[in-house]
Protein chains: 2
Amino acid sequence: VDELLERVRQGNGRAIARLITQVENSVEVAGRAASALHAYSGDAHLVGITGPPGCGKSTLVNEVAKRIHDSGKRVGIIAVDPSSPFTGGALLGDRVRMADISTREGIFVRSMASRGTLGGLAAATSAVTKILDAAGFEMIIVETIGAGQAEVDIASIAHTILVIEAPGSGDGVQSIKAGILEIADILVVNKADRPGVENSVRALEAMLQFSRTSYSQNEPDSDHHSIGLTDDELMTVADDASLASGWAVPVLQTIAVDGTGIDKLVAVINEHLAFLRQSGEWQRREFERSRREIERLVEYRILSQLREAVSEDQRDALVTAVARRELDPYTAADALFNLARNGIDRE
Amino acid sequence: VDELLERVRQGNGRAIARLITQVENSVEVAGRAASALHAYSGDAHLVGITGPPGCGKSTLVNEVAKRIHDSGKRVGIIAVDPSSPFTGGALLGDRVRMADISTREGIFVRSMASRGTLGGLAAATSAVTKILDAAGFEMIIVETIGAGQAEVDIASIAHTILVIEAPGSGDGVQSIKAGILEIADILVVNKADRPGVENSVRALEAMLQFSRTSYSQNEPDSDHHSIGLTDDELMTVADDASLASGWAVPVLQTIAVDGTGIDKLVAVINEHLAFLRQSGEWQRREFERSRREIERLVEYRILSQLREAVSEDQRDALVTAVARRELDPYTAADALFNLARNGIDRE
């Protein structure tokens, strides 16, 4: 592995692909790689791109990646599908669409799906990001398909978060989850040659307005800032900080298929990078990213310990008693917790 | 609270509404209520209904609830929006649409959103389900909006899971997440008077076929059955069992707005209930539900302890070192874990 890590740091494409596969298959390798590469990471600009299916996300990612690459930077693209591979159509389609750019020297494309990733997709994505970062890619685009909580988690890995929408979808902008809107740095209405584009832009601007107003009335409690935060709480912290940060979220229009608006979009992405650097927001986001990564690791360790400390029979007996209504779940959870604690103590 | 619990058990609508609000606002009340009511729960048929926005879910839920109610049963409806209240439009719309049934004696409707629920939406939904169950509702419908991981988690609370689709949406059936397809007991193509309905039905049947085939080739590891499972692993267990269970997932067509196909749908829901009872699948699902509930509680307890055991300064120092690349995240996680363990031991 050490030799592989060395070749990864030199930017060798095949070594990178091999290490990513190993990281997906082994929590141990993931840990070793992340520990070893961490010190060499931290320079890449991480751009998260998400939005509902059919909004033209992949074409847009392609166009952005090409322009960034043309400007002399190396670009990594991680396409993440939080659903399992059974509806892999979208992802396969992406791969085909990406074929024209993935052969370029200096562009690395990787698709990831839920299955075959140990320790969760967000953790795996974070590890792959770190690998590309340490390998010297200047921009890493994390593209997620769909718009659920998983996308919010994955997008939250990024420094700059783009949310893409297309006009005239059945439910208008309802297809954008509020959770993701609140963490967006840049909103893009793609397919802007379609009817209804003005409505979409207006609706997004109204939602932005509304969400900012609501937040300023809801100060998070101070204990939200301690360890062991739920995703919901983390979101509140992020929103709160973004409010204070002074970046006005723009709503841009693009037509990715013919390149309209992409130069402007790339300029705004670079503006956001400059803003992050100047405002201290970059350091703040790195702190948040590090906190989440550490929390994920601690949680994983605790759950692994729990698994080891409590036998299957002990657990099944408690669960059966609860299912039969002989015991309530709180008493059962207490019993399990104490079993686990004793197990960890003995270790 | 004790008096309130007593009135809840008698089925008093206002007491139920009050207790639910208290449960949403206080983890302690939630624990007390769930402990006290657990022994009185376990009789209700829990029906999870999910699907993408715009598929006519709420109208369908209304129609199903009316028919069940007409047959002499009490019906509870919990409408859950895993996104935050900012895009609450859909949810508000649902409330209006539901107005005509929620005034019926014996129908209870409650909307829940992410914010204002402590300990996670799945936990809160589970607690509300238990309250309605103990209050004597024979069927409880949990309707979720959207189709992400949160919906999968929430739907997995149910005995019978319906996934709704509408024909002719831009991306066909891609809007159904595979994760949810795999836990579906009944698939419904609503708005079946629209063009493209045959394509949707065929596509769903093909996806079902494909997902069953893939699973039989992927036996889950035996250690997937121990405690501390990730959602992904739990899903695998559920799929595996559903494969073995002998229920052939039907694809039904409905037009909820004019009632077409609803009688048939209600009959199939009742058939599934009979199947659950006869096959032993009911007990198995109760076991799974109990296991998840206990695991959620144990996890919550561990994270709370972590929060108490480690000071904010200790944590922030570690996170800052990681963000500055002075320390790698694995070493930091080890340090936090040990701090937490010592804290728990001292307790």
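The residue numbering used here restarts from 1 in each chain and proceeds along that chain's sequence as written. Both sets of labels track the order of writing: A upward for chains, 1 upward for ligands. Whole-chain, interface and lining totals are the exception, using all residues; otherwise, since this is a predicted model, local features are given only for residues with pLDDT of at least 70 and side-chain atom pairs are given and counted only at 80 or more. The basis for every side-chain value is the complete set of heavy atoms in the structure, and neither hydrogens nor water enter the calculation.

### With respect to the overall build of chain A
Part 1: When its secondary structure is counted, chain A shows 14 helices and seven strands.
Part 2: Taking all 347 residues of chain A together, the buried fraction comes to 60%.
Part 3: The contact criterion used throughout is that any non-hydrogen atoms of two residues lie within 4.5 Å. Of the contacts formed within chain A by residues at least 6 apart in sequence, a portion of 78% connects residues at least 24 apart.
Part 4: For the area figures, the Shrake-Rupley method with a 1.4 Å probe applies, and any residue is considered shielded solely by the protein chains shown. Surface exposure of chain A reaches about 13500 Å², of which carbon and sulfur atoms provide 50%. Counting from the N terminus, the helices are the DSSP runs of H or I reaching at least four residues and the strands are the DSSP runs of E reaching at least two. Buried means the residue's accessible area, taken with a 1.4 Å probe over protein chains only, is under 20% of the maximum for its type, while exposed means over 50%, and partly exposed covers the values in between.

### Considering the packing of helix H1 (residues 2-9) of chain A against helix H2 (residues 13-25) of chain A
How two helices sit against one another is set out by the angle between their axes and by the gap between those axes.
All names here are of chain A.
Part 1: Whenever a helix is involved, its axis is fitted only over the stretch in contact; in every case the axis is a line through C-alpha atoms, and angles between N-to-C directions fall within 0 to 180 degrees. Viewed as axis vectors pointing N to C, H1 and H2 meet at an angle of 130 degrees, and their least axial separation amounts to 8 Å. Compared by their axis directions, H1 and H2 come out oblique. Here H1 runs over H2; the crossing is left-handed. Facing H1, whose interface residues are Leu4, Leu5, Arg7 and Val8, H2 presents Ala15, Ile16, Arg18, Leu19 and Gln22.
Part 2: By residue class, the composition of the contact of H1 with H2 is six nonpolar, one polar and two charged. Oblique is the label for any angle not covered by the other classes, which are roughly parallel (under 35 degrees), roughly antiparallel (over 145) and roughly perpendicular (65 to 115). Here is the rule for handedness: rotate from the far helix to the near one, and if that takes an anticlockwise turn smaller than a right angle the crossing is left-handed, while a clockwise turn gives right-handed. Under the convention adopted here, Pro, Cys and the residues Ala, Val, Leu, Ile, Met, Phe, Trp and Tyr are nonpolar, Asp, Glu, Lys and Arg are charged, and Gly plus all remaining residues are polar.

### A short note on unusual backbone geometry
Residue and element names in this part refer to chain B.
Part 1: Although it is not a glycine, Lys191 adopts a positive phi angle of roughly 55 degrees.
Part 2: Among the residues examined, Lys191 registers a relative accessible area of 21% and is labelled partly exposed.
Part 3: Unusually for a residue other than glycine, Arg325 sits at a positive phi of about 65 degrees.
Part 4: Examined against the element boundaries, Arg325 turns out to sit in the loop between helix H13 (312-323) and helix H14 (329-346).
Part 5: Exposure remark for Arg325: the relative accessible area of 15% places this residue in the buried category.

### What about the packing of aromatic side chains?
Part 1: Pairing of aromatic side chains requires ring centres within 6.5 Å, counting the rings of Phe and Tyr and the six-membered ring of Trp. Pairs whose planes differ by under 30 degrees are stacked, by over 60 edge-to-face, and all others tilted. Tallied over the full model, the rule gives four aromatic pairs over all chains.
Part 2: Seen in terms of ring centroids, B:Trp247 and B:Phe275 are 5.3 Å apart; in terms of plane orientation they differ by 40 degrees. Their pairing is tilted. Taken as a pair, B:Trp247 in the loop between helix H10 (231-245) and strand S7 (251-253) and B:Phe275 in helix H11 (residues 262-279) lie far apart in primary sequence, 28 residues in all.
Part 3: A relative accessible area of 14% means that B:Phe275 is categorised as buried.
Part 4: Here, a charge over a ring is recorded when the distance from Lys NZ or Arg CZ to the ring centre is within 6 Å and its angle to the ring normal is within 35 degrees. Positioned above the aromatic ring of A:Tyr40, the side-chain terminus of A:Arg9 is 3.5 Å from the ring centre.

### Remarks on helix H3 (residues 27-38) of chain B
Part 1: Compared with an ideal rise of 1.5 Å per residue, which puts 12 residues at 16 Å, H3(B) spans 16 Å between its outermost C-alpha atoms and is within 8% of the ideal.
Part 2: All buried positions along H3(B) are accounted for by B:Val29, B:Ala30, B:Gly31, B:Ala33, B:Ala34, B:Leu37 and B:His38. Expected helix span is computed as 1.5 Å times (number of residues minus one).

### Thoughts on H1(A)
Residue and element names in this part refer to chain A.
Part 1: Restricting attention to buried positions, one finds in H1 the residues Leu4, Leu5 and Val8. All buried residues of H1 lie within an arc of 100 degrees about the axis, which places them on one face of the element. Seen from the open side of H1, the exposed residues pointing more than 90 degrees away from its buried face are Asp2 and Glu3.
Part 2: If you follow the buried residues of H1, they end up packed against H2, helix H3 (27-38) and helix H6 (121-134). Note that the arc is computed from the directions linking the helix axis to the C-beta atoms.

### Overview of the pattern of salt bridges
Close approach of charged atoms allows side chains of opposite charge to pair.
Part 1: Salt bridges are identified by distance alone: a Lys or Arg side-chain nitrogen within 4 Å of an Asp or Glu carboxyl oxygen. On inspection of all chains with the given rule, the structure shows 30 salt bridges over all chains.
Part 2: As a salt-bridge pair, A:Asp316 and A:Arg315 come within 2.4 Å of each other at their nearest N and O atoms.
Part 3: A relative accessible area of 22% means that A:Asp316 is categorised as partly exposed.
Part 4: One salt bridge connects B:Lys66 with B:Glu63, and the closest N-O pair in it is separated by 3.6 Å.

### Section: the pairing of strand S4 (residues 139-144) of chain B
Residue and element names in this part refer to chain B.
Part 1: S4 sits mainly inside the fold: six of its six residues count as buried.
Part 2: Both faces of S4 are covered, namely the face carrying Met139, Ile141 and Glu143 and the face carrying Ile140, Val142 and Thr144.
Part 3: Strands were regarded as paired on the criterion that DSSP finds at least two bridges between them. Pairing between strand S1 (residues 45-50) and S4: five bridges, direction parallel. By the bridge assignment for S4, Ile49 is matched with Glu143.
Part 4: Where strand S2 (residues 75-81) meets S4, six bridges bridge the pair, whose relative direction is parallel. Its bridge partner lying in S4, Ile77 is registered against Ile141.

### With respect to the pairing of strand S6 (residues 186-189) of chain A
Residues and elements named next belong to chain A.
Part 1: Across the two faces of S6 the burial is the same, with Ile186 and Val188 and Leu187 and Val189 all buried.
Part 2: One ladder, built from four bridges, connects strand S5 (residues 160-165) with S6; its direction is parallel. Bridge pairing in S6 links Val163 to Leu187.
Part 3: With three bridges joining them, S6 and strand S7 (residues 251-253) adopt parallel strand pairing.

### A word on the side chain of B:Ser290
Part 1: Assignment of secondary structure puts B:Ser290 in helix H12 (residues 281-309).
Part 2: You can call B:Ser290 buried: its relative accessible area is 3%.
Part 3: B:Ser290 has contacts with A:Val319, A:Val322 and A:Ala323, leaving out every residue within four places of it along the chain.

### Some words on the confidence of the model for chain A
All names here are of chain A.
Part 1: The predictor rates its confidence in each residue with pLDDT, a number between 0 and 100. In this model, chain A carries a mean pLDDT of 78, and residues with pLDDT of at least 70 account for 73%.
Part 2: Counting contacts from residues 84-93, a segment whose pLDDT is below 50, to residues more than four positions away or on other chains yields 25 contacts.
Part 3: Considering only residues more than four positions removed or in separate chains, one finds that residues 213-244, a stretch of pLDDT under 50, has 61 contacts.
Part 4: The complex prediction reports pTM at 0.66, with the ipTM value standing at 0.75.

### Some details on the side chain of B:His38
Part 1: Within the element layout of this structure, B:His38 appears in helix H3.
Part 2: Judged by its relative accessible area of 1%, B:His38 falls in the buried class.
Part 3: N or O atoms closer than or at 3.5 Å make up a polar contact, with two conditions inside protein: a donor-capable atom paired with an acceptor-capable one, and, for residues adjacent in sequence, both atoms drawn from side chains. At a separation of 3.4 Å, a polar atom in the side chain of B:His38 contacts the main-chain carbonyl oxygen of A:Leu327.

### Considerations on the environment of A:Gly48
All names here are of chain A.
Part 1: If you trace the backbone, Gly48 turns up in strand S1 (residues 45-50).
Part 2: Spatially, the C-alpha atoms of Gly48 and Ala158 are 5.2 Å apart, while their sequence positions differ by 110 residues.
Part 3: The contacts of Gly48, once residues within four sequence positions are left out, are Val142, Ala158, Thr160, Ile161 and Leu162.

### Here we look at the environment of B:Lys57
Part 1: Mapped onto the secondary structure, B:Lys57 falls in helix H4 (residues 57-70).
Part 2: In this structure, the C-alpha to C-alpha distance between B:Lys57 and B:Ala166, residues 109 residues apart in sequence, is 9.4 Å.

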